[in-house]
Structure formats: structure tokens, C-alpha cells
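# A closer look at the structure
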Amino acid sequence: MSIKLPKIHLDSSDPAETKKAKGLIGYLDGQTTNPSLVANNPDIKKRLDEGKKLTEKELLDFYKQVVQEIEKEVAGPISVEVNANWESTAADLLKQAENMFTWGKNIHIKFPTIPAGLEAANQFLKNGGRVNMTLVFTQEQAAAVYTATLKAQSPSFLSPFIGRWDDRGFDGMDLVKNTLKMYRKFHSLPGGKNENLKGKMHVLMLAASIRSLDHFYASIALGADIMTVPMKILEQWIHEEQWIPDEHYRAPSKGLKSIVYKDLPFNPDFKSYDVSKEDGSLLDEGLKKFSADWQKLLQ
Ligand code: E4P
């Protein structure tokens, strides 16, 4: 049986890599950027090595320039991340999003899946925005995204972070599998469909934090809609002659513990889901890391 290859986004903030990736596989469906990837952009790194930090305006101008360079190569969605921490308010995140949304024709704003990020996204979608809900580590976060985006005019992206769970000894692929199962259940319930999208699933599964070919193949086999893939993994895929697994493919377990499926209830009130906690504090760590990467660029 043939399987549908998910859309491929490049996980990078370097336009030179965008060109290289396109040359390598012949196309790119989109790209995701984040503060850590911006900090690793060769031009920015050079500036930092010379001891030059940036003002907030310079940083945003630089990020915008990077996005516009990428847009010359990629016609599909480009995800751009707001600068957030636990103290950020929804109003603050919304303001950043409205500015970043003007940087290109097909921008998806990456909001962290924390209470302020969900509130900002919910409002932003009402104003016609597009989102990629990021730093997703739990089914509760995924459930909150499902209901917060129910009335959107266009599909939203959900980014579960696979590799970061693996780093903690848990199988990050389980989060993708469990979320897809929960979403199918929600979609079959009364009131569980987005009427603007004529019954199509309104949240697209974007497999993120892909660190290996196993993650790449397992995301295909599980039926992810999109995968955001670092250059290194695309190169490895080329070595394997762009092999595509079927739906029976399972990544080798490597002794990782399972993440157990939770039968969460569907609740149209996104605020009813507890998104601020998960056992390993991966969310806290992830938010702090992105914020620190942002801060280290600033004067
Ligand atoms: C993409 O949108 C994510 O920010 C990225 O995949 C995170 O990957 P990492 O866990 O390797 O930092």
C-alpha cells in the first residue's frame, strides 16, 4: 500500500541551507525558524564572535531579512517564532505576531503552547492570522490547541517536539501517535469539527525536533501532515535514496520508555486543559532555552 509523504519543511534559519536543501531533494514545502536557529545563522554568529550584540530593532530587522531571503526560495508556509517567556502576556505576544505576520505572504506565527500563547493564538486566528503552536510536549497541550483553533479560517499547525522527549529517555514518537489518536476521536464528536473548513481536520500534525532518520520514517508511517527536518537528516535521506516506509514501519525502540495514551475529554473551552505542567519540565526548559537564545543576541 502506498503512503502519503508528508510535506517537508526545512528546520533552519539559514537561507543558504534553504537553497542547498532545495537543490538536494528538488523542492521544499516550507520552512520553520526559531530563536536558537537564528542565533546559529552564520551572519549572526559572525557578529556575536566580533562581540557585537544587537538592539531589539536590529534583531527583528535581521530576522525579517532572513525570512524574506527564505521566501525567495520557498513558496509555502514559513514559521516565525515570537519571543516569549512565562511573564509574557497574550497582548504582548499578539503585538509581536501582528508585526511578524507582515514579513511575508505565507507566515505562520509560532506561539509557545502556554496559557498566554494559546490566548494570543485564539485571538490572532479570529483576526485572520495563521499559527504554528510550538513547544508541545503533552496531550493536554495538543487538546488545548485543538479547541483554541476550532474556529480558524485556515488550518493551524501543531509542533510536538519528538527529539526532546527522546533526550529524556521517553519515546517522543508516542506523543505524535497519541495526539493523532486523540484528534481522530475529537473530530468524530458533535461540535468537534471546524465548520469553516468543511469538516477537514483543522490542526495539521507537524512533526518537530526530528533528530534521526528513524524519527523521519516513523513520522511518515504514523501519518504526520508535515515534518520539519534539519539539513543533516535530509542529507541522510538522500543517502538512502529517498526511501519511503509504509505504515507498518516502527522505529527501533532503543530502550526508550513509552508515553502512555490519555483518554482526555473533549472540551471546547481551551482554558480547561492544564498546559503549564508536565513531569519532566520540558516545556519550562524549552521556553527558557528559546528566550535565552533570543536574549543572548540582544545588547
Ligand atoms: C521547529 O519548529 C522546532 O523549533 C525545532 O524542530 C526544535 O528542534 P530541537 O529540539 O532540535 O531544538
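- The name an unreviewed UniProt entry gives the protein is Transaldolase.

## Some thoughts on the overall build of the protein
- Scanning the protein for helices and strands turns up twelve helices and eight strands.
- If you line up the protein on its principal axes, its C-alpha atoms span 55 × 45 × 35 Å.
- Relative to its 299 residues, the protein shows a buried fraction of 55%.
- Sequence separation of 24 or more characterises 71% of the internal contacts of the protein that already satisfy a separation of 6 or more.

## Points about the site of the ligand
- In the vicinity of the ligand, the residues found are D11, T32, N34, K110, F161, R164, A208, S209, R211, T228 and F290.
- At a separation of 2.7 Å, an oxygen atom of the ligand approaches a polar side-chain atom of S209.
- One of the side-chain N or O atoms of R211 is found 2.9 Å from an oxygen atom in the ligand.
- Considered on its own, the ligand offers 350 Å² of accessible surface; in the complex 87% of this is hidden by protein.
- Considered class by class, the residues forming the shell around the ligand number three nonpolar, four polar and four charged.

## Overview of the side chain of N122
- Topologically, N122 is positioned in helix α6 (residues 115–126).
- Side chain to side chain, N122 and K126 meet in a polar contact 3.2 Å long.
- Dropping the residues within four chain positions of it, N122 is found in contact with A148 and F270.

## Describing the sheet that holds strand β4 (residues 107–112)
- Spatially, eight strands are ordered β1-β2-β3-β4-β5-β6-β7-β8 in a closed barrel, and the strand pairing comes out parallel. Across this sheet, the average inter-strand angle for adjacent strands is 30°, counted without regard to direction.
- Sheet topology note: the strand β1 (residues 7–11)/strand β8 (residues 226–229) ladder contains four bridges and is parallel. Looking at β8, one finds that H9 is bridged to T228.
- Along the sheet, α6 contacts β4, β5 (131–136) and β6 (156–160); its crossing angle with β4, the most-contacted strand, is approximately 155°.
- Sheet strands in contact with helix α7 (residues 139–148) are β5, β6 and β7 (203–207), and its direction is about 165° off that of β5.

## Concerning the nonpolar core
- In this structure, I8, F111, F216 and L234 are the most contacted members of the largest nonpolar core, which totals 96 residues.
- Look past the residues within four positions of I8 in its chain and what remains in contact with it is I25, Y27, L28, D29, G30, F216, M227, V229, L234 and W237.

## Things to note about the pattern of salt bridges
- One pass over the full model with this rule turns up 16 salt bridges.
- As a salt-bridge pair, K52 and E50 come within 3.0 Å of each other at their nearest N and O atoms.
- Of the residues examined, K52 reaches a relative accessible area of 43% and is grouped as partly exposed.
- In this structure, a network of salt bridges that share partners links the residues K46, E50 and K52.

What counts, and at which threshold
Residues numbered from 1 in each chain as written. Predicted model: local features only at pLDDT ≥ 70, side-chain atom pairs only at ≥ 80, totals over all residues. Heavy atoms only, no water. Helix = DSSP H or I, 4+ residues; strand = E, 2+ residues; numbered from the N terminus. Buried < 20%, exposed > 50% of the residue type's maximum accessible area, 1.4 Å probe, protein only. Contact = heavy atoms within 4.5 Å. Near = heavy atom within 4 Å. Polar contact = N/O pair within 3.5 Å; in protein donor to acceptor, adjacent residues only side chain to side chain. Areas by Shrake-Rupley, 256 points an atom, 1.4 Å probe, with all protein chains shown as cover. Nonpolar A, V, L, I, M, F, W, Y, C, P; charged D, E, K, R; others polar. Pairing = 2+ DSSP bridges. Axes fitted to C-alpha atoms, helices over the stretch in contact; angles between N-to-C directions. Core = buried A, V, L, I, M, F, W, Y, C linked by side-chain atoms within 4.5 Å. Salt bridge = Lys/Arg side-chain N within 4 Å of Asp/Glu carboxyl O.

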